[in-house]
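Below are the chains, spelled out letter by letter.
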Amino acid sequence: MADLNPISAWRRLLVLPNESRTKTLFVAFLTAVVCAVVVSAATVILRPIQAANRAAEVQVRLEALLTAIPGMADLLDEAEDATLVSVVVNLDTGHAAKDVTPETLETALLDTANWTALTPEQDLADIGNRPDFVRVYMLREADEVELLVLPIFGAGYNGRIEALIALRGDMETIAGMTVTDQSETPGLGARIEEPAWQAEFAGTRYVDDSGEMRFAVAHGPSTSDYEVDGITGATRTSNAMTRIVRFWLGPTGYGPLIESVRDGEF
Amino acid sequence: MAADPRLRSALIAPLVAKNPITLQILGICSALAVTTSLDTALTMAVSLTVVLVLSSLIVSTIRRHIPGTIRLIVQIVIVASLVIVIDQFLQAYFFDISQRLSVFVALITTNCLVLGRTESFARSNPPLASMADALGNGLGYSLVLVTIGAIRELFGTGTLLGLQVFETVDQGGWFTPLSLMLLAPSAFFLLGGLVWAVRSLLPEQAEARETTPPEVEEARP
């Protein structure tokens, strides 16, 4: 009669020779299950803390970006009616999203219908799919948009680069840029985090008078109004930054939104 | 611990005499990448030591039940799981440093040092001895990382753990930072210098020449 007692079954498994097929499968299975449980538990338990860390990081960077922009601190202090508002925009139309609010944005983006697949020619930033709804920040003073802060992201050399880019009221000049998340090579590509390099973005124009995209991270020192200095030893990361900025400020990125801001819609 | 001389030698030998980095040249990939500043080097050293000790403990505990055919897979799965847990922990509680360490914590999995110790020592020794050996090797790795990290941070930026030690020229002082120290090649130079220094002091570590050049008699007229 088969012995169904689990304890004696466990003992019989342990005394099997290590080379037996049953024991090999058993050990492999048990190791996999235990490790999976440990890893899942750690991820699930620690996720709320990590999410809070990331949100705090974005907030800190947003504030740092705003204060780093020349004249920004004065503007915030002086103008009583200058207010920073956050708006969810529809990237396809360039208008404020009708039924998505900052609170429901996360739920809306779980639905794949709210993402647009990009063709390889469009996909400069190498992201595959682009969300249709994005939360952007605007600084308004007396019915004029003084500053437009846009989250941007794309593939870097080692992983995803996330950043915030701010445009001045003329919608042609970059007011500032800050990297919120990256995993580039420490000491080389990771220097995109350095404030000294990010400060180069302030005052850089990204389109010329005919409206053609001209922004680039130069190979070496910048030579025109449209370029920022390249990072020595980090060509791939520099190129990635060029592509990410060009994609997001271009027609498949925030282009329609920038148009409607120019038309005075916001 | 002092009672058992074998445990003590397992703990102390890997610090200098059998240092995993300078003698065995194991695990140098991460040692070079994270040593641009002292605090990343310290975090990496602590993470690796914790992973090494825990994986040695686990592998050594189940050592009699690991089938020889799948032993490497079992070991690497255990190591990888521990690494993920540590990585998640750093992301939750040491967010800044984990951002700067980026992928290198995750790459502890492939660090030859960890698999080397579990495969060559923990698999055939009882848990306590394995943990002493793992801790010794972890500390030996840490010693090299902290040394190189301190030199690179001090001469590369004039700071230690973010505190200004040398006034740089930018701040009106005398010290011109050596930017080379922050680039990857300097880590190779420093590590090479360290290996040379250790082998000069302890000549028994030097490896035997693989070939000896033939002696050529000079032709005399």
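Quantities reported herein were computed from a predicted structural model and do not represent experimental measurements. (Residues numbered from 1 in each chain as written. Chains lettered and ligands numbered in written order. Predicted model: local features only at pLDDT ≥ 70, side-chain atom pairs only at ≥ 80, totals over all residues.)

Within chain A, the secondary structure is distributed over seven helices and nine strands. Per-residue burial over chain A gives 29% buried out of 266 residues. (Helix = DSSP H or I, 4+ residues; strand = E, 2+ residues; numbered from the N terminus. Buried ≥ 20, exposed ≤ 12 C-beta atoms within 10 Å, placed from the backbone.)

A separate point is the overall build of chain B. Within chain B, the secondary structure is distributed over eight helices and two strands. The linear arrangement of helices and strands in chain B, starting from the amino end, is α-α-α-α-α-α-α-β-β-α. Residue pairs at least 24 apart in sequence account for 72% of intrachain contacts in chain B once pairs closer than 6 positions are excluded. (Contact = placed C-beta atoms within 7 Å.)

Turning to the UniProt feature "transmembrane region" (unreviewed entry) in chain B, a few remarks are in order. The sites that UniProt annotates as "transmembrane region" (unreviewed entry) are residues 12–34, 40–60, 72–95, 101–118, 139–166 and 178–198 of chain B. Structurally, residues 40–60 of chain B is divided into 100% helix and 0% strand, and its ends, taken at the C-alpha atoms, are 30 Å apart. (UniProt positions renumbered as here; feature names shortened; annotations may be inferred.)

Where helix H7 (residues 255–262) of chain A is concerned, the buried positions are Leu257, Ile258 and Val261 of chain A. Down the axis, H7 of chain A shows its buried residues gathered within 100° of arc, on one side only. (Arc of directions from axis to C-beta.)

All names here are of chain B. Closest axis-to-axis distance for the helix H3 (residues 38–61)/helix H6 (residues 112–120) pair is 10 Å, and the angle between their directions is 25°. Classified by the interaxial angle, the pair formed by H3 and H6 is roughly parallel. Crossing angle aside, the handedness with which H3 passes H6 is right-handed. Residues Val51, Leu52, Ser55, Ser56 and Val59 of H3 pack against Val114, Arg117 and Thr118 of H6. In the contact of H3 with H6, the residues fall into four nonpolar, three polar and one charged. (Axes fitted to C-alpha atoms, helices over the stretch in contact; angles between N-to-C directions. Parallel < 35°, antiparallel > 145°, perpendicular 65-115°, else oblique. Left-handed = near helix turned anticlockwise from the far one by under 90°. Nonpolar A, V, L, I, M, F, W, Y, C, P; charged D, E, K, R; others polar.)

Residue and element names in this part refer to chain A. Summarising the sheet, strand E5 (residues 144–155) and strand E6 (residues 160–168) pair through nine bridges and their orientation is antiparallel. In the sheet register, proline 151 faces E6, and the bridge partner there is leucine 164. Bridge count between E6 and strand E7 (residues 174–181): six bridges; the pairing is antiparallel. Paired with leucine 167 across the bridge in E7 is isoleucine 174. (Pairing = 2+ DSSP bridges.)

Residues and elements named next belong to chain A. When the UniProt feature table is mapped to this numbering, "modified residue: FMN phosphoryl threonine" (unreviewed entry) covers Thr235. Here threonine 235 is to be found in helix H6 (residues 235–249). Overall, the presence of 15 C-beta atoms within 10 Å leaves threonine 235 in the partly exposed class.

What follows is about the UniProt feature "transmembrane region" (unreviewed entry) in chain A. Residues given the UniProt feature "transmembrane region" (unreviewed entry) here are residues 25–46 of chain A. Secondary structure within residues 25–46 of chain A divides into 100% helix and 0% strand; the distance between the first and last C-alpha atoms comes to 32 Å.

All right, on to the nonpolar core then. In this structure, Leu150, Ile165, Ala166, Ile244 and Trp248 of chain A are the most contacted members of the largest nonpolar core, which totals 48 residues. Secondary-structure elements contributing two or more residues to this core are helix H2 (21–68), strand E4 (133–141), E5, E6, E7, strand E8 (216–217), H6 and H7 of chain A. Per-element tally for this core: the top contributor is H6 of chain A, with seven residues. Not counting residues within four places of it along the chain, the set of residues in contact with tryptophan 248 of chain A comprises Ala125, Leu150, Ile152, Gly253 and Tyr254 of chain A. Ala31, Ile86, Ile108 and Met131 of chain B belong to the second-largest nonpolar core, a separate cluster that totals 46 residues. (Core = buried A, V, L, I, M, F, W, Y, C linked by C-beta atoms within 7 Å.)

One non-glycine residue with positive phi stands out, namely aspartate 126 of chain A, at about 60°. Relative to the elements of secondary structure, aspartate 126 of chain A occurs in the loop between strand E2 (115–117) and strand E3 (129–131).

On to the interface of chain A and chain B, then. Across the boundary between the two partners, chain A contributes 23 residues, which contact 26 residues of chain B. Tallying contributions element by element places H2 of chain A first for the side of chain A that touches chain B, with 15 residues. Here the side of chain A that touches chain B is built from residues that sort into 11 nonpolar, 10 polar and two charged.

Residue and element names in this part refer to chain A. When E4 meets E5, the two strands line up antiparallel, connected through five bridges. Each residue of the ladder has a partner; that of tyrosine 137, found in E5, is valine 149. Hairpin connection of E4 to E5: two residues between the antiparallel strands, including alanine 142 at a positive phi of 50°.

Residue and element names in this part refer to chain B. Packing of helix H4 (residues 71–93) against H6 leaves a shortest axis separation of 10 Å and a crossing angle of 135°. The orientation of H4 with respect to H6, classified from their angle, is oblique. The element H4 and its partner H6 pack so that their crossing is right-handed. Touching Gln75, Ile76 and Val79 of H4 are Val114, Leu115, Thr118 and Glu119, all from H6. Classifying every residue of the contact of H4 with H6 by side-chain character gives four nonpolar, two polar and one charged.

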